[in-house]
Amino acid sequence: MKKGIDQHQIGESVEQHLLIKNAKKGIASNGKPFLTLHVTDKSGEIEAKMWGISADDEAKFVPGTVVHISGDVQDFRGMRQLRLKAIRLSASGEQVNPEDFLPSAPRGRDEMLEEVNQYLFDMQNAKLQRLTRHLFKKHQQAFSVSPAATKNHHEFVSGLLYHVLSMLELAKGIAMQYPSLNKDLLYAGIILHDMAKVRELSGPMATQYTLEGKLIGHISMMSSEIEEAAKELSIEGEEVLVLQHLILSHHAKGEWGSPKPPLVREAEILHLIDNIDAKMNMLDRALERTPAGEFTERIFAMDQRSFYKPTFTE
């Protein structure tokens, strides 16, 4: 069985079809243009540099395009990088489908949707349940396939759904340990905290930030949607305000995108659970491609740290 791009180690050769996830033009110190490509298959992605490009290259090698690549995996400042030897567009006779190169969640979409619906069914607070169910139903189709981000964590098909379900399962265990937590509020906040990413991001194929995402962002968008849904459903009360606070504070700091820090117990727990699940996803994927007894590549979103994989944890 052929290795996925994420399983290739430094020093190994690569010759396979890959999907261009994104492409960005840059100018080298010598004044010559180059492209930074992020290419992917179902296993993950890798960065590649394309030097000495022409205007024709820039027009051809765009996000969403399948290319055939040959090259070597090398170490560049603690990160894997693909050194290209050759790159071309896939030929018409090679029968490649871009969707076949998209990484996806390790669980089935319908199964995960059913489990999230069970959490909704278990909620006792009628106002929180109605609000959350209404918004979940409104965005369910896009929510079920959307990635959770363009990079760093859960950046795959159905990644957002998988992330939310993982957080709900964590919350269920934490609420058993700390029964003073309001489970309905916590579950509602988890289900909705990233829901507006279906508007912030362009979708699972060659995911980019939308104009609305760049100018407003998913946190503000979902807070507004909660307010609008409450008016539409004639729901009043403190539940609406506090649920908005959970959304607005789940990144915890202004520099991370939250206009308010967590000021409600469930808001603090939501932030911590979100952080745990995102970091575990990054760590698991970095460690999966790291041999025992060695360090991972540097993980950008975790302070550029490299993590050691102990030999006894295999």
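It should be emphasised that the depicted structure is a prediction, and the values quoted were computed from it without experimental measurement. Chains are numbered independently. Their residues run from 1 in the order of the written sequence. With the structure being a predicted model, the display of local features is reserved for residues of pLDDT at least 70 and the display and counting of side-chain atom pairs for 80 or more, all residues being used for whole-chain, interface and lining totals. In computing side-chain properties, one takes all heavy atoms of the structure into account and sets aside hydrogens as well as water.

Engineer: Explain the overall build of the chain residue by residue, including any values.
Structural biologist: Scanning the chain from N- to C-terminus turns up ten helices and five strands. Three labels apply to residues, based on accessible area from a 1.4 Å probe with only protein chains included: buried if under 20% of the type maximum, exposed if over 50%, partly exposed otherwise in between. When burial is assessed residue by residue, the chain has 47% of its 314 residues classed as buried. Of the contacts made within the chain by residues no fewer than 6 positions apart, 56% connect residues no fewer than 24 positions apart. For the chain, the computed accessible surface area is about 16,100 Å², with 52% contributed by carbon and sulfur atoms. Of the side-chain charges in the chain, 37 are positive and 43 negative, and the distance between the mean point of each set is 4 Å. Per the convention used, a helix needs a DSSP run of H or I reaching at least four residues, while a strand needs a run of E reaching at least two, with both numbered from the N terminus. Whether two residues touch is decided by their heavy atoms; if any such pair falls within 4.5 Å, the residues are in contact. Each accessible area value is a Shrake-Rupley result obtained with a 1.4 Å probe; residue values ignore everything except the protein chains displayed when judging cover. Positive charges come from Lys and Arg alone, negative charges from Asp and Glu alone, with His and the N- and C-terminal ends not counted. One atom stands in for each charge, and that atom is NZ of Lys, CZ of Arg, CG of Asp or CD of Glu.

Engineer: Let's hear about the environment of Ala267: which residues, and what values?
Structural biologist: Structurally, the position occupied by Ala267 is in helix 10 (residues 265-288). You can call Ala267 buried: its relative accessible area is 0%. Separated by 193 residues in the primary sequence, Ala267 and Gln74 have C-alpha atoms spaced 42 Å apart. What Ala267 contacts, discounting residues up to four positions off in sequence, is His245, Leu246, Ser249 and Pro262.

Engineer: Requested: an account of the packing of helix 2 (residues 109-122) against helix 3 (residues 126-145), with residues and values cited.
Structural biologist: At a minimum axis distance of 11 Å, the contact between helix 2 and helix 3 shows a crossing angle of 170°. Looking at the two axes, helix 2 sits roughly antiparallel to helix 3. Listed contacts from helix 3 to Arg109, Leu113, Val116, Asn117, Leu120 and Phe121 of helix 2 are Gln129, Thr132, Arg133, Phe136, Gln140, Ser144 and Val145. Polarity classes work like this: nonpolar for Ala, Val, Leu, Ile, Met, Phe, Trp, Tyr, Cys and Pro, charged for Asp, Glu, Lys and Arg, and polar for all others, with Gly in that last group. In terms of residue class, the contact of helix 2 with helix 3 is made up of six nonpolar, five polar and two charged. Only the stretch in contact is used when fitting a helix axis, every axis being a line fitted to C-alpha atoms; angles between N-to-C directions are given from 0 to 180 degrees. Should an angle lie under 35 degrees it is considered roughly parallel, over 145 roughly antiparallel, and from 65 to 115 roughly perpendicular; all remaining angles are considered oblique.

Engineer: So what's going on with the pattern of salt bridges? Residues and values would help.
Structural biologist: Within this document, salt bridges are pairs made up of a side-chain nitrogen of Lys or Arg and a carboxyl oxygen of Asp or Glu, the two lying within 4 Å of each other. For the structure on display, the rule yields 22 salt bridges. Measuring nitrogen to oxygen at the nearest pair gives 3.6 Å for the salt bridge that ties Asp194 to Lys197. Using a relative accessible area of 2% as the deciding quantity, one classes Asp194 as buried. Look at Lys197 and you get buried, because its relative accessible area is 9%. Note that Arg305 is salt-bridged to Asp303, the shortest N-O span being 3.9 Å. What makes Asp303 exposed here is its relative accessible area of 65%. Where salt bridges share partners, they join Asp6, Arg80, Arg289 and Glu297 into one cluster.

Engineer: Explain the side chain of His17 to me, and be specific about the residues and the numbers.
Structural biologist: Along the chain, His17 falls in strand 1 (residues 13-27). Note on His17: relative accessible area 19%, which makes it buried. Sequence-distant contacts of His17, that is, excluding residues within four places in its chain, are made with Val66, Val67, His68, Ser90, Glu94, Val96 and Phe101.

Engineer: Quick rundown of the side chain of Thr65? Include the residues and the values.
Structural biologist: Here Thr65 shows up in the loop between helix 1 (55-60) and strand 4 (66-76). According to the relative accessible area criterion, Thr65 is buried, its value standing at 16%. A polar side-chain atom of Thr65 sits 2.9 Å from the main-chain carbonyl oxygen of Val62. Residues within four places of Thr65 in sequence aside, it is in contact with Leu18, Leu19, Ile20, Lys60 and Leu89. As used in this structure description, the phrase polar contact means that two N or O atoms lie within 3.5 Å; if the pair is within protein, one of them must be able to donate a hydrogen and the other to accept it, and residues adjacent in sequence are counted only when both atoms belong to side chains.

Engineer: Please set out the UniProt feature "domain: HD" (unreviewed entry) in the chain residue by residue, giving values where relevant.
Structural biologist: UniProt positions are given in the numbering used here, feature names are shortened, and annotations may be inferred rather than shown by experiment. Taken from the UniProt record, the annotation "domain: HD" (unreviewed entry) applies to residues 160-279. End C-alpha to end C-alpha, residues 160-279 measures 14 Å, and it is 67% helix and 0% strand.

Engineer: Outline the packing of aromatic side chains, listing residues and values.
Structural biologist: Here the aromatic set is Phe, Tyr and Trp, taking the six-membered ring for Trp, and pairing holds for ring centres within 6.5 Å; pairs whose planes are under 30 degrees apart are stacked, those over 60 apart are edge-to-face, and all others are tilted. Going through the model one piece at a time under the given rule, you end up with five aromatic pairs. Taken together, a centroid distance of 6.3 Å and an interplanar angle of 55° make the contact between Phe156 and Tyr162 tilted. Centroid distance Phe295 to Tyr308: 5.2 Å. Interplanar angle 50°. Geometry classified as tilted. On the criterion of sequence distance, the pair formed by Phe295 in the segment after helix 10 and Tyr308 in the segment after helix 10 is long-range, its members being 13 residues apart. By relative accessible area, which is 54% here, Phe295 ends up exposed.

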